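# An overview of the molecular structure
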Amino acid sequence: MKLLNGESITLGTCYYPEHWSGDLWEEDLTRMLANGIKTVRIAEFAWNKIEPEEGVFDYSFFDRFLDLTDRMGMQVIFGTPTATPPAWLTTKYPEVLNARQDGVLYRHGARRHYNYNSPVYQELSRRIVEKAAAHYAGRKSVIGWQIDNELNCELSEFYSESDTLAFREFLKKKYDTLAQLNQAWGTVFWNQTYTAWEEIFVPRTTCSDSTNPHEVLDYLRFISDSCCRFAKMQSDILRKYIKPGDFVTTNGLFGNLDNHRMREESLDFITYDSYPNFAYCLDAYQKEDRIRDRKWSRNLAETRAVSPIFGIMEQQSGANGWNTRMEAPTPEPGQLTLWTMQSIAHGSDYVSYFRWRTATMGTEIYWHGILDYSGRDNRRLAEVRSVHEKLQKMQQVSGARYEARVGILKDYDNIFDAQLDVWHGRVEKASQKALFEACQLTHTPFDYCYLDHVKDASELSGYQVLFYPHATIMTRKGKALLEDYVRNGGTLVVGCRSGYKDEHGQCVMDHLPGMLREVTGTDIPEYTMISPAEGGIVTVDWDGTAIDAAVFSDLLTPDQGAETPAETAGVYTSNYYAGTPALIRHPYGKGQAWYFGGAFTEKTAEVFLEKLGVIAPYGEILQAPETCEIAVREKDGVKYLFVLNYGKTPVEVTLKRQVKDLFDDKDVQGVQTLEGYGTKVYEIL
Ligand code: GAL
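Quick caveat: nothing in here was measured; it's all calculated off a predicted structure.

Below, the discussion takes up the overall build of the protein chain. A tally of regular secondary structure across the protein chain gives 18 helices and 26 strands. For the protein chain, the C-alpha atoms occupy an extent of roughly 80 × 75 × 45 Å along the three principal directions. Burial status across the protein chain gives 60% buried among its 685 residues. When contacts within the protein chain are restricted to residue pairs at least 6 apart in sequence, long-range pairs at least 24 apart make up 74% of them.

Below is the structure:
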């Protein structure tokens, strides 16, 4: 592939030839090259420039642009323009529009106003993708394709008539008979039994603001399925035309979408759009937050779960702001480099800045790119140039894999279920935040692992410890994988509310934690939300260490039927159940499983990392203050250590052994100063 080939880490930018006079193009491209930018992403909103009228195709506009990129030796990622259907299309075929839940159509004027299931939209999308690919894919400078733009961004719920029709087909395929659907959705409750497929709709407005949860779970799966099919339809076409070595990708990670499936079916790799400056928007900034722009490391870890080596299609390079919302200041000197290195530290080998010039018209007039309105050389362009120079000194890092001994398990069923189930959502949200922050602040790298996309437990065996905070829905496949992982020596930690639902989201009539009972050696005779009178927290004594358990309490007991006896490792020390088990440890095969009765707080998660021996794995090489993130990428046995200072002020880091500073090209040891927003990449010798 011409990107992410393990040979280079490169820079690009998002360019909109249609926003500027053609007279500027050559000068812009020349300046890009002079500043280390070799690749541009173009055309993702420019349907009209190829099909100005229905069925009339005119390739001359992008041909002129590609003549230049071909001649100048630049690389182009071409976007399929389906995120913004033209006005002629939506006016003539209003059925392509998405609708609100109450049926009101989203009209032309913004973007993503279409739905995936309209046969007309599918047909017209197929045609524009086919025409664009047939014409442009052979061009020398075109190296890859981006499908649409940020699938499921802005809106990730679809309520058009086409969606209802497609939902019925999805359900027929899944359940075959209405009897099975009625069973799975528990429609006997409140007399919802369906007697004909035509009685089923995408969820509609209901009087009690509550819709059948099992139906909604299937609806979210349906949205994901619709989006994946739309992406595959495009990718199948693109693959007929792309040159050997060219790639197909898309950008962003959005909700109600199984990104893993989309990647497996349609993409060579995923790219992410990283805007850490959101952390400095007014509202966000007013909140006390030790994590701020480091939160984007969580998104980057999610991206890495989809593609271990990925690209950044849009990297923040200027101030945020549409004409209506989201103001944030211009990145300060050093921040653009810091955020670029944050992406690279997590596995990105391509970073493309959004955008070259700031738009002078439209919704995004305040969303700044590298250059301001005038286009004159500026501080941010100089910083891009200096990033390019730094990259020249660390090309050997390309293709290196992020290294983590801790895994946090997830799966799409539980993500979808947590959106609609308030209880699940509350515990899941709290624990995911806590685990991320504990890992981030203690310098403990972790990976997200999607259990529903794990084929064999051996894929998990590299993780010393796996957290699966609240796997509410548990499947047979998940159960088997977890048992195998632990049996073969792994350490599994699960939190409250595990295993009490089946794949339809119905509660199991079993001793909890249901399918996790065997591996955890735990029985849960009772459970309760923690009373607000307790402040939503109860305390636990874990072998003399006091920890908090948040939101919800499972009251535990070692399962008497377990083959190897489970032991009580911690007890509640507050509320009426003080003195009863809060933490159970179960030796299982060569490994062990832990059942923790609550949701995690950051401090609690830190104690788990500490007691399970996985905290700060690089502490013997480097000591750094909390304001720094530590990441390691490894290739051919060589490890590269990234140190990123998110603080505005300089900090000292101590290298406990000699390492090579790649930027300064010299061996260093001892105390080093990292300037405010400073970044370092060391080769561990
Ligand atoms: C991204 C999107 C871009 C641009 C940018 C700034 O989400 O892909 O097209 O809109 O945000 O708003």
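Residues of strand β15 (residues 537–542) alternate between two faces, with Val 538, Val 540 and Trp 542 buried on one and Ile 537, Thr 539 and Asp 541 left unburied on the opposite face. In this antiparallel pair of consecutive strands, β15 and strand β16 (residues 545–550), the connection spans 2 residues, and Asp 543 shows a positive phi of 50°. Across 3 bridges, β15 lies against strand β18 (residues 567–572) in antiparallel orientation. Across the sheet, residue Val 540 finds its bridge partner in β18, namely Tyr 572.

On to a nonpolar patch on the surface. On the surface, a cluster of nonpolar side chains totalling about 420 Å² of accessible area is made up of Val 188, Phe 189 and Trp 190. Note on placement: Phe 189 falls in the loop between α7 (178–185) and α8 (213–241).

To continue, consider the sheet that holds strand β11 (residues 446–450). Ordered by their spatial adjacency, 9 strands build an open sheet running β11-β10-β12-β13-β20-β19-β18-β15-β16, and the pairing between neighbours is mixed. The strands lining the two open edges of the sheet, one partner per strand, are β11 and β16. Averaged over all pairs of adjacent strands, the angle between strand axes in this sheet comes to 25°, irrespective of strand direction. Both strand β10 (residues 406–410) and strand β12 (residues 465–468) contribute to a ladder of 3 bridges, which runs parallel. In the strand pairing of β12, Ile 408 is matched with Phe 467. Helix α18 (residues 602–611) rests against β10, β12, β13 (491–494), β15, β16, β19 (581–588) and β20 (591–596) of the sheet, and its axis sits at about 130° to β16.

A word on the pattern of salt bridges. Under the criterion given, the structure shown has 50 salt bridges. Between Asp 484 and Arg 487 there is a salt bridge whose closest N-O contact spans 2.9 Å. Of this pair, Asp 484 and Arg 487 are both found in helix α16 (residues 476–487), 3 residues apart, which corresponds to roughly one turn of the helix. Arg 487 sits in the partly exposed class, given a relative accessible area of 35%.

Let's shift gears to the site of the ligand. The immediate surroundings of the ligand are formed by Phe 45, Arg 111, Asn 149, Glu 150, Asp 273, Tyr 275, Glu 314, Trp 322, Phe 354, Glu 364 and Trp 367. Side-chain polar atom of Arg 111 to an oxygen atom of the ligand: 2.9 Å apart, as the coordinates give it. In the model, an oxygen atom of the ligand is placed 2.4 Å from a nitrogen or oxygen of the Glu 150 side chain. In the complex, 93% of the free accessible area of the ligand, which totals 300 Å², lies under the protein chains.

Relative placement of two packed helices is described by the angle separating their axes and the distance separating the axes. One way to put it is that helix α15 (residues 422–441) packs onto α18 with a least axis distance of 8 Å and a crossing angle of 60°. As far as their axial angle goes, α18 and α15 are oblique. α15 and α18 meet at a crossing whose hand is right-handed. Here α15 contributes Ala 434, Leu 435, Glu 437, Ala 438, Cys 439 and Leu 441 to the contact with α18, which in turn contributes Glu 602, Ala 605, Glu 606 and Leu 609. Per-class residue counts for the contact of α15 with α18 are 7 nonpolar, no polar and 3 charged.

Moving on: the nonpolar core. Ile 42, Phe 78, Trp 145, Leu 151, Met 394, Leu 492 and Phe 608 are the most contacted members of the largest nonpolar core, which has 183 residues in total. Examining the composition of this core, we find that 13 residues originate from one element, α8, more than from any other.

Attention now goes to the pairing of strand β26 (residues 679–684). Judged by how many residues are buried, β26 sits mostly within the fold: 6 of 6 residues are covered. Burial along β26 is two-sided: the residues Thr 679, Val 681 and Glu 683 and Lys 680, Tyr 682 and Ile 684 are all buried. In this structure, strand β23 (residues 638–645) lies alongside β26, joined through 6 bridges in antiparallel fashion. Bridge pairing in β26 links Val 643 to Lys 680.

Here α8 crosses helix α9 (residues 259–266) at 20°, and the two axes come no closer than 9 Å. Classified by the interaxial angle, the pair formed by α8 and α9 is roughly parallel. Here the hand of the crossing between α8 and α9 comes out right-handed. The residues of α9 that touch α8, namely those facing Asp 225, Cys 228, Arg 229, Ala 231, Lys 232, Ser 235 and Arg 239, are Arg 261, Met 262, Glu 265 and Ser 266.

The topology assignment puts Lys 639 in strand β23. Under the relative-accessibility criterion, Lys 639 is labelled partly exposed at 26%. When the C-alpha positions of Lys 639 and Ala 400 are compared, they lie 8.3 Å apart, and in sequence the two are 239 residues distant. Within the local environment of Lys 639, its side chain forms a polar contact with the side chain of Glu 403, the two groups lying 2.6 Å apart.

This next bit is on the domain arrangement of the protein chain. Per the domain assignment, the segments of the protein chain are domain 1 (10–97 + 113–156 + 227–399), domain 2 (406–611) and domain 3 (622–684). Computed over C-alpha atoms only, the centres of domain 1 and domain 3 are separated by 30 Å. Taken together, the contacts link 27 residues of domain 1 with 19 residues of domain 3. Taken together, both faces of the contact between domain 1 and domain 3 bury some 2100 Å²; the carbon and sulfur share is 56%.

The strand order across the open sheet built from 8 strands is β5-β4-β3-β2-β1-β8-β7-β6, with neighbouring strands paired in parallel fashion. Because the sheet does not close on itself, it has two edges, and the strands there are β5 (247–249) and β6 (271–274). The average undirected angle you get between the axes of adjacent strands in this sheet is 25°. As defined by bridge partners, strand β4 (residues 142–146) adjoins β5 across 3 bridges and the pair is classed as parallel. Bridge assignment links Trp 145 to a residue of β5, and that residue is Val 248.

Here we take up the packing of aromatic side chains. Following the criterion strictly, the structure yields 49 aromatic pairs and no others. A ring pair is formed by Phe 78 and Tyr 136, whose centres lie 4.7 Å apart and whose planes are at 20°; its orientation type is stacked. Remark: Tyr 136 occurs in helix α5 (residues 119–136) and Phe 78 occurs in strand β3 (residues 75–79); sequence separation between them is 58 residues. The interplanar angle of 45° and the centroid separation of 4.9 Å between the aromatic rings of Tyr 116 and Phe 158 together place this pair among those described as tilted. Residue Tyr 116 is located in the loop between α4 (87–92) and α5, and its partner Phe 158 is located in the loop between β4 and α6 (161–175); the two are separated by 42 residues in the primary sequence. Across this residue pair, the class does not change: Tyr 116 and Phe 158 are buried. A network of ring pairs unites the aromatic residues Tyr 15, Trp 25, Tyr 59, Phe 61, Phe 62, Phe 65, Phe 78, Tyr 136 and Trp 145 as a single cluster. Seen from the ring of Phe 57, Lys 131 lies directly overhead, with NZ or CZ sitting 5.1 Å from the centre. Across the ring face of Phe 201, the terminal group of Arg 204 is positioned such that the distance to the ring centre comes to 3.6 Å.

Rules used in this analysis
Residues numbered from 1 in each chain as written. Predicted model: local features only at pLDDT ≥ 70, side-chain atom pairs only at ≥ 80, totals over all residues. Heavy atoms only, no water. Helix = DSSP H or I, 4+ residues; strand = E, 2+ residues; numbered from the N terminus. Buried < 20%, exposed > 50% of the residue type's maximum accessible area, 1.4 Å probe, protein only. Contact = heavy atoms within 4.5 Å. Pairing = 2+ DSSP bridges. Patch = residues over 30% accessible without salt bridge, like charges linked within 9 Å, V, L, I, M, F, W, Y side chains within 5 Å. Areas by Shrake-Rupley, 256 points an atom, 1.4 Å probe, with all protein chains shown as cover. Salt bridge = Lys/Arg side-chain N within 4 Å of Asp/Glu carboxyl O. Axes fitted to C-alpha atoms, helices over the stretch in contact; angles between N-to-C directions. Near = heavy atom within 4 Å. Polar contact = N/O pair within 3.5 Å; in protein donor to acceptor, adjacent residues only side chain to side chain. Parallel < 35°, antiparallel > 145°, perpendicular 65-115°, else oblique. Left-handed = near helix turned anticlockwise from the far one by under 90°. Nonpolar A, V, L, I, M, F, W, Y, C, P; charged D, E, K, R; others polar. Core = buried A, V, L, I, M, F, W, Y, C linked by side-chain atoms within 4.5 Å. Domains from an automatic or database assignment. Buried area = accessible area lost by both parts, 1.4 Å probe. Phe/Tyr/Trp six-rings, centres within 6.5 Å; stacked < 30°, edge-to-face > 60°. Lys NZ or Arg CZ within 6 Å of the ring centre and 35° of its normal.

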